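Residue-level structure breakdown
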Amino acid sequence: MTIDVTPTEDAEARLAALVELSRRARALADAVVLTDVPESEVTAVAAELAALTERLGALRRESPRSFELGPGGVPRNVGNAVTGSANPHALPLVVRVTPERTVRAELSFRPVHAGPPASVHGGVSAMILDHLLGEAVAAAGFPGVTGTLTLRYRRPVPYGEPLVATAEYTRSEGRKTWAEGRIALPDGTALAEASGLFVTPAGWLGRGAGDETGSKSGQAPVRER
Ligand SMILES: CCCCCCCCCC(=O)SCCNC(=O)CCNC(=O)[C@H](O)C(C)(C)COP(=O)(O)OP(=O)(O)OC[C@H]1O[C@@H](n2cnc3c(N)ncnc32)[C@H](O)[C@@H]1OP(=O)(O)O
């Protein structure tokens, strides 16, 4: 995997502007799903948005930014659909690895994530848990891609309320690694639970810290098996 940019002061300032643009785009999406303004106003705003989209499209990349090194050599993935601060689709989820190598994220879904009345679409919860389980296997030294993901939806997941998502590695066998996770209320009441099997692609084995496809790319070093 190649690294997109060498960070410079200008690149960081430009990224900060993209992060702000993404934040405003998220607010726009929520405004779209909640607006009750008259049709004429909706039509006028749609026309303005078309013009803005054209301005942004004047210079286009082939794909969103991927893994890259930020200041201090810290890996990041600002274009990621779940965690990317420069991707309007992302919450963005901020994932922390605990000293025990479990992972944890505090999150709050928004109206744009609605599925059933007053609650979050099950596929959106699955997306968050898929990512979090992936972070858990990576934190344990067994990075991989999702092979299977199983969810149990225990209670409706609300939007607009603080929630906590956690996940942990459970076991590994050859290139297969299992993890479990959940989205819960702050008091620990589980709303959605997930278990998943992740497969380390054969091409990732034998790569560790310092390899171009290892830690430099933001992918955790692969543990000996
Ligand atoms: C720090 C950064 C953290 C980032 C976290 C990111 C989390 C996001 C995770 C994702 O969303 S990844 C995107 C969704 N997943 C994919 O796109 C995966 C697409 N599938 C593939 O690329 C390949 O099918 C895959 C790498 C999963 C397997 O291909 P292989 O050719 O390596 O599998 P192979 O046939 O050699 O099988 C190896 C073992 O895995 C098992 N296996 C393979 N695919 C499986 C599967 N899908 N489900 C369960 N088991 C599977 C297979 O049975 C076998 O088990 P055994 O060793 O016991 O025989």
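Residues numbered from 1 in each chain as written. Predicted model: local features only at pLDDT ≥ 70, side-chain atom pairs only at ≥ 80, totals over all residues.

**Some words on the confidence of the model for the chain**
Stated formally: Per-residue confidence from the prediction method is given by pLDDT, with values spanning 0 to 100. We call two residues in contact when their backbone-placed C-beta atoms lie within 7 Å.
In the predicted model, the chain carries a mean pLDDT of 92, and the fraction of residues at 70 or more is 89%. A low-confidence stretch, residues 209-218 stays under pLDDT 50, and its non-local contacts, those more than four residues away or across chains, total 29 contacts. Reported confidence for the predicted complex is 0.98 by ipTM and 0.92 by pTM.

**Side note on the site of the ligand**
Inclusion rule: Any residue qualifies as near a molecule or strand once its backbone-derived C-beta atom lies within 6 Å of it. Helix numbers and strand numbers start at the N terminus; a helix is a DSSP run of H or I with at least 4 residues, a strand a run of E with at least 2. Under the grouping applied here, Gly and all other residues not named as nonpolar or charged are polar, the nonpolar ones being Ala, Val, Leu, Ile, Met, Phe, Trp, Tyr, Cys and Pro and the charged ones Asp, Glu, Lys and Arg.
Around the ligand there are 17 residues in total, and Gly134, Ala138, Val145, Gly147 and Val199 lie nearest to it. When contributions to the shell around the ligand are tallied by element, the ones reaching two or more residues are α3 (122-139), β5 (145-153) and β8 (190-199). The element contributing the most residues to the shell around the ligand is α3, with five residues. A class-by-class count of the residues in the shell around the ligand yields seven nonpolar, six polar and four charged.

**Thoughts on α3**
Put simply, the rule reads: Helix span, expected: 1.5 Å multiplied by one less than the number of residues in the helix. Any residue whose C-beta has 12 or fewer other C-beta atoms within 10 Å is treated as exposed, any with 20 or more as buried, and any in between as partly exposed, C-beta atoms being built from the backbone.
When the terminal C-alpha atoms of α3 are compared, their 25 Å separation across 18 residues agrees well with the 26 Å that a helix rising 1.5 Å per residue should span. For α3, a buried count of 13 out of 18 residues is recorded, marking the element as mostly surrounded by other parts of the structure. Gly141 sits one or two residues past α3 and shows a positive phi near 95°.

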